[in-house]
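Read off the chains here:
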Amino acid sequence: MLFEPNKEYERWKPQDDVMPEECGVFGIFTDDRRYDPAEATYLGLYALQHRGQESAGIAVSDGKGIKFHKGMGLCSEVFKDNLGPLLGGHIGIGHVRYSTTGDSMADNAQPLVMSYRGGKFAMAHNGNLINNTVLREKLEDEGTVFQTTIDTEVMANLIARYSKHGMLKAISAMMKVVRGAYALVIMTQDELIAVRDPQGIRPLALGKLDNSYVVASESCAFDAIDAEFVRDIRPGEIIVINKNGLKSYQAQSAMDTALCVFEYVYFARPDSDIDGISVYRSRENMGTRLAQAFPIDADLVSDVPDSATPAASGYAAESGIPYAKALAKNRYVGRTFIQPSQALRERGVKLKLNAIKRNVHGKKLILIDDSIVRGTTSRKIVEMLRLAGAREVHMLISSPPVICPCFFGIDTPSHDQLVGSKNSVEEIRKIIGADTLHYLSIGDLLKTVEGAGCNFCAGCFNGQYPVDIRRALKETETMDLMTIE
Ligand code: AMP
């Protein structure tokens with residue numbers, strides 16, 4: 001069931017410094033001396049770097065205590081000289097994170113390492129809670145002091161509070177209280193635990209490295225350490241791994257599953273499979289469907305690198321129009337998406353992408369991108385291609401217009417900055433200066449992920465979110481946190 005946003009929206013809308021974060025998580029439990037958890041986690045996070053480039057962190061346990069290191073920057077920067085002291089454990093978890101601006105970004109880096117009555121535990125989270133503000137207020141009213149502004153700390157606090165009867169019971173009690181998206185890796189001194197929210201909004205997968213277990217946001221992290229993909233962690237499932245092996249508990253029945261469809265459109269890596277669907281194949285299929293829906297007379301099909309490459313190849317194969325690169329990408333420029341000012345964002349696009357004049361001069365071009373958010377990228381690119389001599393530029397988008405922000409773990413700006421929320425397709429075409437502009441329909445998009453083991457959230461495209469916000473907030477307001485078990 002999907003729910004329209006309502007006027008409670010303003011109340012639970014995250015503040016600027018706690019905007020939804022894009023994150024990747026990784027964990028490993030090993031008794032095998034050939035594998036070092038810190039090293040494996042480092043490699044796993046490297047493979048998940050696209051899910052967050054602002055901070056990175058690793059925590060390891062050697063059975064006696066938990067050591068960790070985290071900081072601002074890419075994995076390679078954060079761990080340049082800091083992996084050594086973490087070597088030698090048997091469990092490791094890690095996190096990469098991207099969020100919008102906030103004052104205390106370093107404090108918000110994960111994993112969080114907390115003390116509780118059972119010793120210490122560390123926790124890393126991908127996703128966003130929608131009742132975070134209410135829960136935080138309630139906890140603060142009771143005297144809880146927080147060290148970060150992230151919802152992960154609210155979850156960690158609840159786990160510590162309910163831990164009298166062990167970690168498993170504590171996590172399952174926490175799951176009764178929180179609402180929203182969470183894919184978690186948790187580490188005690190002797191256990192690795194993975195948890196996926198009952199709607200499975202963010203992905204989480206289980207893998208094996210010989211007899212050692214690994215968990216990760218995406219299967220591409222398993223490939224980085226030569227681990228095998230075993231299966232996706234089920235919505236509502238808690239997996240506990242310790243020296244006795246792996247145990248699975250269905251803590252909450254999977255309900256109205258709502259995996260984020262934007263993972264397939266843009267966020268995930270094309271070499272990952274999520275909930276039974278290859279990200280690459282789904283993107284290629286988006287291109288095929290664009291070609292069927294919008295046949296265009298053109299000389300070549302091209303992509304905005306890299307996330308739209310499979311869709312362009314699908315369009316080219318279906319239409320018979322040759323594929324060629326219209327844009328070169330500077331590999332050393334990171335994200336241009338969220339920059340403090342529009343001027344920097346525009347400059348960023350120019351630095352990142354440049355037209356290949358010899359390919360585009362005098363040509364009728366079909367250019368495919370995965371999404372239009374603010375419209376900055378498309379506008380700058382169309383301008384660039386025209387300056388390079390393109391005769392016509394037909395822009396095709398392998399997803400529907402982004403009309404609403406995401407509150408479940410994808411970083412999208414607010415309504416007023418989304419070009420699709422206040423303009424028709426024709427108006428957007430004019431804004432970006434393309435000859436024609438076409439978007440994939442929601443129906444076609446959902447067909448590209450048909451056969452997945454779950455249903456989907458397409459809230460950014462249709463404004464229908466998978467959680468009944470009003471109900472969730474009311475329930476949270478009246479909850480007695482002390483009596484939850
Ligand atoms: P914009 O310039 O704001 O329209 O952004 C559109 C471009 O950003 C597209 O090329 C997308 O590939 C990319 N994009 C879309 N969503 C995101 C996101 N959540 N984070 C980073 N980049 C994104």
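Residues numbered from 1 in each chain as written. Predicted model: local features only at pLDDT ≥ 70, side-chain atom pairs only at ≥ 80, totals over all residues. Heavy atoms only, no water.

### Things to note about the UniProt feature "binding site: [4Fe-4S] cluster" (unreviewed entry) in the chain
Then, in step 1: Mapped onto the present numbering, the UniProt feature "binding site: [4Fe-4S] cluster" (unreviewed entry) falls on Cys-260, Cys-406, Cys-457 and Cys-460. Taking the farthest pair of C-alpha atoms as the criterion, the annotated set spanning 201 residues converges on one region, since that pair is 10.0 Å apart. Of the annotated set named above, Cys-260, Cys-406, Cys-457 and Cys-460 line the largest cavity.
Then, in step 2: The topology assignment puts Cys-406 in the loop between strand S21 (392-397) and helix H14 (419-422).
Then, in step 3: Overall, Cys-460 belongs to the buried group, its relative accessible area being 10%.
Then, in step 4: If we ignore the near neighbours within four places in the chain, the residues touching Cys-460 are Phe-262, Pro-401, Val-402, Ile-403 and Cys-404. (UniProt positions renumbered as here; feature names shortened; annotations may be inferred. 1 Å grid on protein atoms, 1.4 Å probe; cavity = no way out; pocket = protein on both sides within 12 Å on 5 of 7 lines; lining within 4 Å. Helix = DSSP H or I, 4+ residues; strand = E, 2+ residues; numbered from the N terminus. Buried < 20%, exposed > 50% of the residue type's maximum accessible area, 1.4 Å probe, protein only. Contact = heavy atoms within 4.5 Å.)

### Side note on helix H4 (residues 132-141)
Then, in step 1: Within the span of H4, buried status applies to Asn-132, Val-134, Leu-135, Arg-136, Lys-138 and Leu-139.
Then, in step 2: Gly-143 sits one or two residues past H4 and shows a positive phi near 105°.

### What to know about the nonpolar core
Most often, soluble globular proteins keep nonpolar side chains buried together rather than apart.
Then, in step 1: Counting residues in each nonpolar core, the largest one holds 54 residues, and the members touching the most others are Tyr-264, Tyr-315, Ile-366, Ile-368, Phe-408 and Phe-461.
Then, in step 2: Every element with two or more residues in this core is listed here: strand S14 (259-260), helix H8 (262-267), helix H9 (279-293), helix H10 (309-319), strand S20 (364-369), strand S23 (456-457), helix H17 (459-462) and helix H18 (469-478).
Then, in step 3: Counting the residues that make up this core, at least three belong to each of domain 1 (24-258 + 474-478) and domain 2 (278-330 + 341-449).
Then, in step 4: Residue contacts for Phe-408: discarding those within four places in its chain leaves Gly-127, Asn-128, Ile-130, Gly-180, Ala-181, Ile-201, Arg-202, Tyr-465, Pro-466 and Val-467.
Then, in step 5: Core analysis: the next-biggest nonpolar cluster, separate from the first, contains 35 residues, Ile-150, Met-155, Val-195 and Ile-484 among them. (Core = buried A, V, L, I, M, F, W, Y, C linked by side-chain atoms within 4.5 Å. Domains from an automatic or database assignment.)

### Structural notes on the sheet that holds strand S4 (residues 91-98)
Then, in step 1: Sheet architecture is open: seven strands sit in the order S3-S2-S4-S1-S10-S9-S11, paired in antiparallel fashion. The open sheet has two edge strands, strand S3 (66-72) and strand S11 (228-232), and neither has a second partner. Going across the sheet, the axis of each strand differs from the next one's by a mean of 15°, ignoring polarity.
Then, in step 2: Judged from the four bridges that link them, strand S9 (residues 205-209) and S11 form a sheet pairing that is antiparallel. Within the sheet, the bridge partner assigned to Gly-207 lies in S11 and is Phe-229.
Then, in step 3: Against the sheet, helix H2 (residues 37-47) contacts strand S1 (22-29), strand S2 (55-61) and S4, and its axis sits at roughly 25° relative to S4. (Pairing = 2+ DSSP bridges. Axes fitted to C-alpha atoms, helices over the stretch in contact; angles between N-to-C directions.)

### Here we look at the site of the ligand
Then, in step 1: Inspection of the region around the ligand gives 17 residues, with Asp-369, Asp-370, Arg-374, Gly-375 and Thr-377 positioned closest.
Then, in step 2: Glu-22 is positioned with one of its side-chain polar atoms (N or O) 3.0 Å from a nitrogen atom of the ligand.
Then, in step 3: Between a nitrogen atom of the ligand and a main-chain N or O atom of Asp-411, the distance comes to 2.9 Å.
Then, in step 4: Here the ligand, which alone exposes 500 Å², has 93% of that area covered by the protein. (Near = heavy atom within 4 Å. Polar contact = N/O pair within 3.5 Å; in protein donor to acceptor, adjacent residues only side chain to side chain. Areas by Shrake-Rupley, 256 points an atom, 1.4 Å probe, with all protein chains shown as cover.)

### A few points about H18
Then, in step 1: Among the residues making up H18, those that are buried are Ile-469, Ala-472, Leu-473 and Thr-476. The buried side chains of H18 occupy one side of the element, clustering within an arc of 95° when seen end-on. When the buried face of H18 is taken as reference, the exposed residues oriented beyond 90 degrees from it are Arg-471, Lys-474 and Thr-478. (Arc of directions from axis to C-beta.)

### What about the domain arrangement of the chain?
Then, in step 1: When cut into domains, the chain gives domain 1 (24-258 + 474-478) and domain 2 (278-330 + 341-449).
Then, in step 2: In this structure, domain 1 and domain 2 have C-alpha centres spaced 34 Å apart.
Then, in step 3: Each side of the interface is counted separately: domain 1 has 10 residues, and domain 2 has five residues.
Then, in step 4: Taken over both partners, the interface formed by domain 1 and domain 2 buries close to 540 Å², and the fraction arising from carbon and sulfur atoms is 56%.
Then, in step 5: The three residues of domain 1 that bury the most area against domain 2 are Asn-128, Ile-130 and Arg-202, which together make up 57% of that side's buried surface.
Then, in step 6: Remark: the boundary between domain 1 and domain 2 carries zero salt bridges.
Then, in step 7: The residue inventory of the side of domain 1 that touches domain 2, partitioned by class, reads four nonpolar, five polar and one charged. (Buried area = accessible area lost by both parts, 1.4 Å probe. Salt bridge = Lys/Arg side-chain N within 4 Å of Asp/Glu carboxyl O. Nonpolar A, V, L, I, M, F, W, Y, C, P; charged D, E, K, R; others polar.)

### Let's talk about the pattern of salt bridges
Then, in step 1: Under the counting rule described, the total for this entry stands at 24 salt bridges.
Then, in step 2: Between Arg-231 and Glu-237 there is a salt bridge, with the nearest N and O atoms lying 2.7 Å from each other.
Then, in step 3: A salt bridge links Lys-447 to Asp-444; the shortest N-O distance between them is 4.0 Å. Placement of both Lys-447 and Asp-444 in helix H16 (residues 442-447) is noted, with a separation of three residues, approximately one turn of the helix.
Then, in step 4: Taken together, the shared-partner salt bridges in this structure form one network comprising Arg-51, Arg-202, Glu-218 and Glu-263.

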